[in-house]
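Take a look at the letters that make up each chain.
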Amino acid sequence: MIELNYRNITKEVIGEENGLDLSKEFKDYKDTIKKIITDLNSNKDKPGQNLQWMNSGYNEETIWYVKEYAAMVENRFDNILILGMGGSALGGKALCEAILPPYWNYLTKEQRNNYPRIFFLDNIDPDQMNALLSILDLKKTLVNVITKSGSTAEVMAQYMILKDKMEKELGDDYRKNVIATTDKNIGILKQLSDQEGYKTFYIPDDIGGRFSVFSAVGLLPFALVGIDIEEITQGVKDMDLELKNTNIESNIAAQNALIHFLMDVKKGKKISVMMPYSNRLRYIADWYCQLWAESLGKEKDKNNNTVNTGQTPVKAIGVTDQHSQIQLYNEGPNDKIINFLRIKEFDTKLEIPNIFEYTGISYLCGKSINQLFNAEADSTMASLIDYKRPNVTITIPKISAYYLGQLLYMFEVQTAITGALYNIDPFDQPGVEQSKNYTYALMGRIGYEDSANELKEKLLTEINI
Ligand code: PA5
């Protein structure tokens with residue numbers, strides 16, 4: 001299983017001012033945590049609780065349909081193109097980047113075991129889109145349009161550009177190159193896919209975007225590029241069993257949730273840094289940033305009090321950011337908790353050849369890059385302790401579908417527990433909806449005329465556009 005080491009947030013290691021008296025806190029919060037975990041598990045099947053993601057590991061039917069479709073289209077496509085925003089793309093991108101061999105899209109077809117390349121278009125930068133469209137052979141490209149609401153402006157605009165281009169190039173047959181992943185009842189994408197006859201996968205009710213990576217949103221792209229989705233869901237299930245434990249002493253999601261909550265409210269650590277010592281896990285840090293920010297950044301609590309909760313999540317990559325952000329983390333404001341994400345065993349061991357005798361570099365000769373990587377992580381942690389900066393270390397035995405299933409599910413549960421500690425709803429996103437609605441208004445969507453006029457006024461007078 002993955003492990004959490006929280007020694008470096010204790011007062012014994014970093015002192016009273018910044019560190020927690022953790023044995024006391026675990027004792028004080030024992031019953032609260034027990035109640036939160038019990039409630040999460042007993043409410044997970046209740047409609048409207050947005051907890052269906054807690055059943056994702058057990059969704060045999062989705063796994064079956066996804067595998068069946070992936071087997072049916074095996075060898076038919078050279079490229080998979082995912083259209084999606086935020087939670088509809090980030091989990092897929094994070095796990096593909098982590099689990100597939102590095103530089104997957106640059107490998108030959110044989111090196112990819114005949115599986116396709118995969119592209120995630122999670123932005124609408126016109127230059128980027130145009131460049132991507134110019135390198136993809138659309139006849140050999142399977143486009144997966146993913147939107148839970150079925151109407152997000154960016155995704156629908158991407159889809160329309162693709163549909164038009166594909167129809168021109170492929171004629172009516174273009175439909176075989178499109179799959180929709182969306183809600184089964186609501187949204188324009190659902191209507192369009194019924195009308196056009198696209199193969200469609202449904203996102204179960206009560207799973208929000210950022211908690212959807214283990215539904216068809218993530219599982220379908222994974223299966224299409226040959227990732228063993230049952231290995232992922234086995235990891236999710238095994239972690240779920242561990243995290244059903246209501247005792248904080250042995251539940252790592254509850255421990256990290258409480259640590260982050262207390263670091264924020266008692267010690268003023270308003271920033272949560274996710275720092276994987278693995279380039280393959282860099283998008284996991286992006287995924288975590290979305291999960292932490294969008295779930296916990298809330299204006300109102302459940303009793304409608306104004307609370308403005310949430311830590312600001314920041315991505316950092318070891319060792320790259322040792323040469324940029326660590327200066328700030330060590331000597332700047334002591335307002336952060338750093339999450340190191342470490343891998344026990346890399347797939348590769350890379351030796352540094354014994355080729356120089358210069359005193360300044362000969363110490364490296366005969367060692368491995370792995371040793372250097374680990375020494376850098378250890379020394380960064382040691383320097384943070386010197387400066388009394390709180391940090392935890394999450395260790396995964398190796399990068400695999402199984403352990404990453406565990407890891408992402410652990411973060412989801414940690415987020416849900418932290419939301420309960422803040423007494424906010426971690427599953428809504430009124431702030432995101434607000435800017436989505438303003439976009440609809442500015443782009444002239446029917447029904448948004450009043451806010452369009454109001455907004456134009458505001459932009460002209462306040463922002464002077
Ligand atoms: O986590 C969320 O809810 C958001 O990030 C959504 O995933 C994002 O806004 C895209 O929404 P949709 O899937 O409805 O297009």
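Note that this is a predicted model, so its numbers are computed, not measured. (Residues numbered from 1 in each chain as written. Predicted model: local features only at pLDDT ≥ 70, side-chain atom pairs only at ≥ 80, totals over all residues. Heavy atoms only, no water.)

Chemist: Would you take a moment to explain helix H4 (residues 60–72) for this structure?
Modeler: An α-helical segment advances 3.6 residues per turn. Residues three or four places apart therefore align on the same side. Under the 1.5 Å per step criterion, the end-to-end length of H4 is 18 Å for 13 residues, consistent within 8% with the ideal 18 Å. Inspection of H4 places Thr62, Ile63, Val66, Tyr69 and Ala70 among the buried residues, and these make up the whole buried set. Around the axis of H4, the buried residues are gathered within 140 degrees of arc, so they sit on the same side. For H4, the exposed residues lying more than 90 degrees away from the buried face are Glu61, Trp64, Ala71 and Met72. In this fold, the buried residues of H4 make contact with strand S4 (141–147), strand S5 (178–182), strand S6 (199–202), helix H9 (216–224) and helix H10 (229–243). (Helix = DSSP H or I, 4+ residues; strand = E, 2+ residues; numbered from the N terminus. Expected span 1.5 Å × (residues − 1). Buried < 20%, exposed > 50% of the residue type's maximum accessible area, 1.4 Å probe, protein only. Arc of directions from axis to C-beta. Contact = heavy atoms within 4.5 Å.)

Chemist: Explanation requested: the site of the ligand in the structure shown.
Modeler: Around the ligand, the surrounding shell holds 14 residues, and the nearest of these are Ser88, Thr147, Ser149, Thr152 and Gln290. In this structure, Ser149 approaches the ligand through a side-chain N or O atom, which is 2.7 Å from an oxygen atom. Note that an oxygen atom of the ligand is positioned 2.9 Å from one of the backbone N or O atoms of Arg210. Protein chains shield 92% of the accessible area of the ligand, which is 380 Å² for the free molecule. Because more than half of its atoms lie within 2 Å of the grid, the ligand is assigned to the second largest pocket. Its residues assigned to classes, the shell around the ligand shows one nonpolar, nine polar and four charged. (Near = heavy atom within 4 Å. Polar contact = N/O pair within 3.5 Å; in protein donor to acceptor, adjacent residues only side chain to side chain. Areas by Shrake-Rupley, 256 points an atom, 1.4 Å probe, with all protein chains shown as cover. 1 Å grid on protein atoms, 1.4 Å probe; cavity = no way out; pocket = protein on both sides within 12 Å on 5 of 7 lines; lining within 4 Å. Sits in = over half its atoms within 2 Å of the grid points. Nonpolar A, V, L, I, M, F, W, Y, C, P; charged D, E, K, R; others polar.)

Chemist: Where do I start with the domain arrangement of the protein in this structure?
Modeler: Many authors give the size of an interface as the accessible area that is lost as the parts come together. Split by domain assignment, the protein resolves into domain 1 (3–41 + 234–422) and domain 2 (52–231). Summarising the inter-unit geometry, the C-alpha centres of domain 1 and domain 2 are found 30 Å apart. Between domain 1 and domain 2, the contact holds 32 residues from the first and 25 residues from the second. Summed over both sides, the interface between domain 1 and domain 2 buries roughly 2,500 Å², with carbon and sulfur atoms accounting for 64% of that surface. Counting the surface domain 1 buries against domain 2, the share from its top three residues, Arg280, Tyr283 and Glu412, is 25%. Summed over the shared surface of domain 1 and domain 2, the result is three salt bridges. (Domains from an automatic or database assignment. Buried area = accessible area lost by both parts, 1.4 Å probe. Salt bridge = Lys/Arg side-chain N within 4 Å of Asp/Glu carboxyl O.)

Chemist: Looking at this structure, how should I read the packing of H10 against helix H15 (residues 401–422)?
Modeler: Helix-helix packing is described using two parameters, namely the angle between the two axes and the distance between the axes. Here H10 crosses H15 at 45 degrees, and the two axes come no closer than 7 Å. Relative to H15, the element H10 is oriented oblique. Regarding H10 and H15, the two cross each other, and that crossing is right-handed. Along its contact with H10, which presents Glu231, Ile232, Gln234, Gly235, Val236, Asp238, Met239, Asp240 and Leu243, the element H15 presents Ala401, Tyr402, Gly405, Gln406, Tyr409, Met410 and Val413. Split into classes, the residues belonging to the contact of H10 with H15 amount to nine nonpolar, four polar and three charged. (Axes fitted to C-alpha atoms, helices over the stretch in contact; angles between N-to-C directions. Parallel < 35°, antiparallel > 145°, perpendicular 65-115°, else oblique. Left-handed = near helix turned anticlockwise from the far one by under 90°.)

Chemist: What should I look at first to understand the nonpolar core in this one?
Modeler: Across soluble globular proteins, nonpolar side chains show a tendency to be buried alongside one another. Counting residues in each nonpolar core, the largest one holds 97 residues, and the members touching the most others are Trp53, Leu95, Leu404, Leu407 and Ile417. Counting residues per element, this core draws most heavily on H15, which supplies 14 residues. Here this core spans two domains, and each of domain 1 (3–41 + 234–422) and domain 2 (52–231) adds at least three residues to it. With residues up to four places along the chain from it excluded, the contact list for Ile417 reads Ile33, Ile36, Ile37, Leu40, Ala253, Ala254 and Ala257. Membership of the second largest hydrophobic core comes to 23 residues, among which are Leu136, Val155, Leu162 and Tyr198. (Core = buried A, V, L, I, M, F, W, Y, C linked by side-chain atoms within 4.5 Å.)

Chemist: Help me understand the pattern of salt bridges in this model?
Modeler: Any two side chains of opposite charge can pair, so long as their charged atoms come close to each other. Under the criterion given, the structure shown has 30 salt bridges. Between Lys184 and Asp205 there is a salt bridge, with the nearest N and O atoms lying 3.9 Å from each other. Of this pair, Lys184 sits in the loop between S5 and helix H8 (188–196) while Asp205 sits in the loop between S6 and H9, and the two are 21 residues apart along the sequence. Note on Asp205: relative accessible area 35%, which makes it partly exposed. Each of Lys163, Glu167, Asp172, Arg175 and Glu196 takes part in a single network of salt bridges with overlapping partners.

Chemist: Whenever I open this one, unusual backbone geometry confuses me. Can you help?
Modeler: Among all residues save glycine, negative phi is the norm, and among peptide bonds the norm is trans. A cis geometry characterises the amide bond from Gly318 onward to Val319, with omega recorded as -5 degrees. When you line up the elements, Val319 lands in the loop between strand S8 (312–315) and helix H13 (325–331). A positive phi is found at Tyr103, a non-glycine position, where the angle reads about 60 degrees. Locating Tyr103 in the fold gives a position in the loop between helix H5 (90–99) and strand S3 (117–121). Of note, the phi angle at Asn308 is positive, near 45 degrees, even though the residue is not glycine. On the secondary structure map, Asn308 appears in the loop between helix H12 (282–296) and S8.

Chemist: Can you walk me through the layout of surface pockets in this structure?
Modeler: Take a probe with the size of a water molecule and roll it over the atoms, and the empty space left behind shows itself. Taken as a whole, the largest pocket encloses approximately 1,200 Å³ of empty space. Glu97, Pro102, Tyr103, Arg280 and Arg282 are the residues nearest the centre of the largest pocket, which is lined by 40 residues in total. The set of elements that each furnish at least two residues to the lining of the largest pocket consists of H5, S3, helix H6 (126–135), H12 and helix H14 (369–386). Counting residues per element, the lining of the largest pocket draws most heavily on S3, at five residues. The residue inventory of the lining of the largest pocket, partitioned by class, reads 24 nonpolar, eight polar and eight charged. The residue makeup of the lining of the largest pocket includes at least three contributed by each of domain 1 (3–41 + 234–422) and domain 2 (52–231). Considering only enclosed or pocket space, the second largest pocket measures out at about 680 Å³ in volume. In terms of lining residues, the second largest pocket is bounded by 32 residues, among which Ser149, Thr152, Gln429, Glu433 and Lys436 are the most central. Per element, the largest residue contribution to the lining of the second largest pocket is six residues, and it comes from helix H16 (residues 430–442). (Points joined across faces, edges and corners; volume = space filled by probe spheres on them.)

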